Amino acid sequence: MAKTKIDVSRRNFLKKSAALGLGAVVGPSIYRDVFAASNDRITIYHTSVADSINPYNQSSSPIYGNWQHVIEPLVEFDYAKKGWIGVLAESWEVRENRWVFKLKKGIKFHNGATLTSKDVVFSIEKMRDIKGGSLQAPNFRDVTEILTPDDQTVIFVTKQPLAVFLDRLRNRFIVSKVAGDKYGDQLYQNLVGTGPYKFVSFQRGGNLVFTRNDDYWGSKAAIKEVIFRKVTEDGARLAALESGQADFINNVPIHEVARLQRHPRIRVERIKGLSMYFLMMNVAHKPFDSKLVRQAVNYCVDAAAIVKNIFDGIAYPNQGPVGLEVVGADPKLKPYPHDPNRAKELLAQAGYAQGCDVRLYYSAGTYPKDREVCQVVAAQMVKGGFRVELISQEYALHWGPEGVNGGKLPFYYENRGSLTDADTIYDQYFRTGTTKRTNYNNPEFDKIIEEEQRTYDPKKRVALLQQAGKIIMEEALMVPLYNLADIYGLSKNLAWKIRPDEKVLSWDMKIIS
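Values in this document were obtained by computation on a predicted structure and should not be read as measured data.

Scoring rules and cut-offs
Residues numbered from 1 in each chain as written. Predicted model: local features only at pLDDT ≥ 70, side-chain atom pairs only at ≥ 80, totals over all residues. Heavy atoms only, no water. Axes fitted to C-alpha atoms, helices over the stretch in contact; angles between N-to-C directions. Helix = DSSP H or I, 4+ residues; strand = E, 2+ residues; numbered from the N terminus. Parallel < 35°, antiparallel > 145°, perpendicular 65-115°, else oblique. Left-handed = near helix turned anticlockwise from the far one by under 90°. Contact = heavy atoms within 4.5 Å. Pairing = 2+ DSSP bridges. Right-handed = clockwise from strand over helix to strand, strands pointing away. Salt bridge = Lys/Arg side-chain N within 4 Å of Asp/Glu carboxyl O. Buried < 20%, exposed > 50% of the residue type's maximum accessible area, 1.4 Å probe, protein only. Phe/Tyr/Trp six-rings, centres within 6.5 Å; stacked < 30°, edge-to-face > 60°. Arc of directions from axis to C-beta. Nonpolar A, V, L, I, M, F, W, Y, C, P; charged D, E, K, R; others polar. pLDDT = per-residue confidence, 0-100. Core = buried A, V, L, I, M, F, W, Y, C linked by side-chain atoms within 4.5 Å.

## Focus: the packing of helix 14 (residues 443–453) against helix 15 (residues 458–475)
Working step 1: One way to put it is that helix 14 packs onto helix 15 with a least axis distance of 9 Å and a crossing angle of 160 degrees. Looking at the two axes, helix 14 sits roughly antiparallel to helix 15. The element helix 14 and its partner helix 15 pack so that their crossing is left-handed. Every residue of helix 15 that contacts helix 14 at E444, F445, I448, I449, E451 and E452 is listed here: R461, L464, L465, Q467, A468, I471 and I472.

Dropping the structure here:
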């Protein structure tokens, strides 16, 4: 009888797994007690999971974390050491406008091929392929040439000295040229990297499945198989964690923390995140081509009230374009005061004495309390003379060429994850020609950014970045909001090395007794 019960249970589990698109990894090795994470398999319910099979069609920190299981970068920022460390790169040095990288020897791809400088060049060509769907091409716009004098050396030649180049290489992952030559247009469906996990399957809007690379060049992961499921509804993630369907979830609602902490099989962990939230305005669209209107928006929004009433005070308001812990932040900057009457005056001066109609775009379920935040922002703006229509979009549409990155959204709620240097957001959003996210064009601002990027002296760079931040605030190009605490729920027997950049990396997990 016991055997029959186990068989029935397993049959039901297999049916359920097949329905979820997990058939590729379901096998005897992953049958387990659903109430505890296991070395055989963990299931992660996450609000942000890759929407594209193309790993370069991404520019979101959590999704970078997905693909980093399989493909790896040359360098990575170590938050504990507060500095850059090599991953595939053994060492690097800068010589004026040349960055010279030496690759680690003996690293193998999942197909057995040895990592060489040719793989780096091949991968960067894919990242530069805008027509092929890459969103990462701007990171290499200053690179004029890539030299490969031997299999272990890669030299990036830039237009001018580029002090921020290591930051540009963050999350730029390397794929196998041998696999590219073999699979051609089907490369991403047969993704081959050097990472601690191998790619198994992808389901758009649903699941990513990885299996451990037992021949990994570094430390072997403890968990054999990893499943990421995209679940944007808070209630669904919580129910899955409490029932044992999920071993790990992100974006635990603040009001649920105390209750989850009393659960006998669940642990809650949190950290001040590097992800910065803001409202951004695109000056190519009316009415945001008017500085007066942009200033009026800033006077309307009360970030401190949002932090207090929506996030129970567990968030960190920003007084300038970036948080104070970011390189280039200016502690002297102050946010616009909350003053709806002043907003009405400015709208009248801009020709909107009878009120101003705007649409606020966001992607519901992508970020904590995003729907509630946008509803409060809309209510605050109404008091300042705006009429606000809220429009929620699927993240792939919201962020892609028909949305933010295509310059199609006039006004939107977004975040920037893993932010350690102000240049990242200043360059990506406000420098002329980098992207269409704001379509801002200011030669004075561009000149400052160009100068700080070629300045290796840290103090001089910070001073220049602070000048740029002052322009952003004076021009009212955005509404800085806050950094949130990243809050995770996980099985009590699952140990994990928490990070401030929203990445959930399974090789940093192990089962504890």
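## Considering the pairing of strand 17 (residues 386–392)
Working step 1: Taken together, the seven bridges between strand 16 (residues 356–362) and strand 17 define a ladder with parallel strand orientation. Within strand 17, the position partnered with C356 by the bridge is F386.
Working step 2: Where the polypeptide runs from strand 16 across helix 11 (residues 370–383) and back to strand 17, its parallel neighbour, the crossover connection is right-handed.

## Side note on the environment of A303
Working step 1: One can find A303 in helix 9 (residues 303–310).
Working step 2: Residues contacting A303, with those up to four places away along its chain left out, are P480 and L481.

## Remarks on the pattern of salt bridges
Working step 1: In this structure the tally under the stated criterion is 29 salt bridges.
Working step 2: Taking the shortest distance from any N to any O, the salt bridge between E76 and R499 comes out at 3.7 Å. Of this pair, E76 sits in strand 3 (residues 75–78) while R499 sits in the loop between strand 20 (494–496) and strand 21 (509–511), and the two are 423 residues apart along the sequence.
Working step 3: Residue classification places E76 among the buried residues on the basis of a relative accessible area of 15%.

## Considering the packing of aromatic side chains
Working step 1: This model, assessed by the stated rule, comprises 29 aromatic pairs.
Working step 2: With centroids separated by 5.5 Å and ring planes inclined at 85 degrees, the aromatic side chains of Y277 and Y367 adopt a geometry described as edge-to-face. Of this pair, Y277 sits in strand 14 (residues 266–281) while Y367 sits in the loop between strand 16 and helix 11, and the two are 90 residues apart along the sequence.
Working step 3: Taking relative accessible area as the criterion, Y277 reaches 1% and is therefore assigned buried.

## Quick look at helix 6 (residues 234–243)
Working step 1: Among all positions in helix 6, only R237, L238, A240 and L241 are buried. Here the buried residues of helix 6 occupy an arc of 160 degrees about the axis, which is enough to place them on one side.
Working step 2: Those residues of helix 6 that are buried are in contact with strand 1 (41–46), strand 13 (248–249), helix 7 (257–261), strand 14 and strand 19 (478–491).
Working step 3: Looking one or two residues past helix 6, G244 carries a phi angle of roughly 95 degrees, positive in sign.

## Description of the sheet that holds strand 7 (residues 143–150)
Working step 1: The strand order across the open sheet built from four strands is 5-6-8-7, with neighbouring strands paired in antiparallel fashion. A strand with exactly one partner marks an edge of an open sheet, and here the two such strands are strand 5 (89–95) and strand 7. On average, each strand axis in the sheet is tilted by 20 degrees relative to the strand beside it, whichever way the strands run.
Working step 2: Sheet topology note: the strand 5/strand 6 (residues 98–103) ladder contains six bridges and is antiparallel. Looking across to strand 6, one finds that R95 is bridged to R98.

## Things to note about the environment of V293
Working step 1: With respect to the secondary-structure elements, V293 resides in helix 8 (residues 291–300).
Working step 2: We classify V293 as buried; its relative accessible area is 0%.
Working step 3: For V293 and A343, which are 50 residues apart along the polypeptide, the C-alpha to C-alpha distance reads 8.1 Å.
Working step 4: Each residue touching V293, except ones within four places of it in the same chain, is listed here: P287, F288, L347, A350, Y352 and F386.

## Some remarks on unusual backbone geometry
Working step 1: The residue after K286, namely P287, is reached through a cis peptide bond having omega 0 degrees.
Working step 2: Among the secondary structure elements, P287 is positioned in the loop between strand 14 and helix 8.
Working step 3: In this structure, D312 is a non-glycine residue whose phi angle is positive, near 50 degrees.
Working step 4: Within the secondary structure, D312 is located in the loop between helix 9 and strand 15 (315–317).

## Structural notes on the packing of helix 8 against helix 10 (residues 340–349)
Working step 1: Packing of helix 8 against helix 10 leaves a shortest axis separation of 8 Å and a crossing angle of 165 degrees. Here helix 10 runs roughly antiparallel to helix 8, going by the angle between their axes. Between helix 8 and helix 10 the crossing geometry is left-handed. Judged by residue contacts, L292, V293, Q295, A296, Y299 and C300 of helix 8 engage P340, R342, A343, L346, L347 and Q349 from helix 10.
Working step 2: Tallied by class, the residues present in the contact of helix 8 with helix 10 amount to nine nonpolar, two polar and one charged.

## Quick notes on the confidence of the model for the protein chain
Working step 1: Mean pLDDT over the protein chain stands at 92; residues scoring 70 or higher make up 93%.
Working step 2: Across residues 1–34 the pLDDT falls below 50, and counting only partners more than four positions away or on other chains, this stretch makes 45 contacts in the model.

## A word on the nonpolar core
Working step 1: With 88 residues, the main nonpolar core has F386, Y413, Y426, F430 and Y482 as its most contacted residues.
Working step 2: Per-element accounting of this core gives the leading share, eight residues, to strand 14.
Working step 3: Setting aside residues up to four positions removed in sequence, F430 forms contacts with M280, I425, T438, Y440, F445, D446, I472, L477 and M478.
Working step 4: Listed in part, the 61 residues of the second largest apolar core include V121, F122, I146 and L494.

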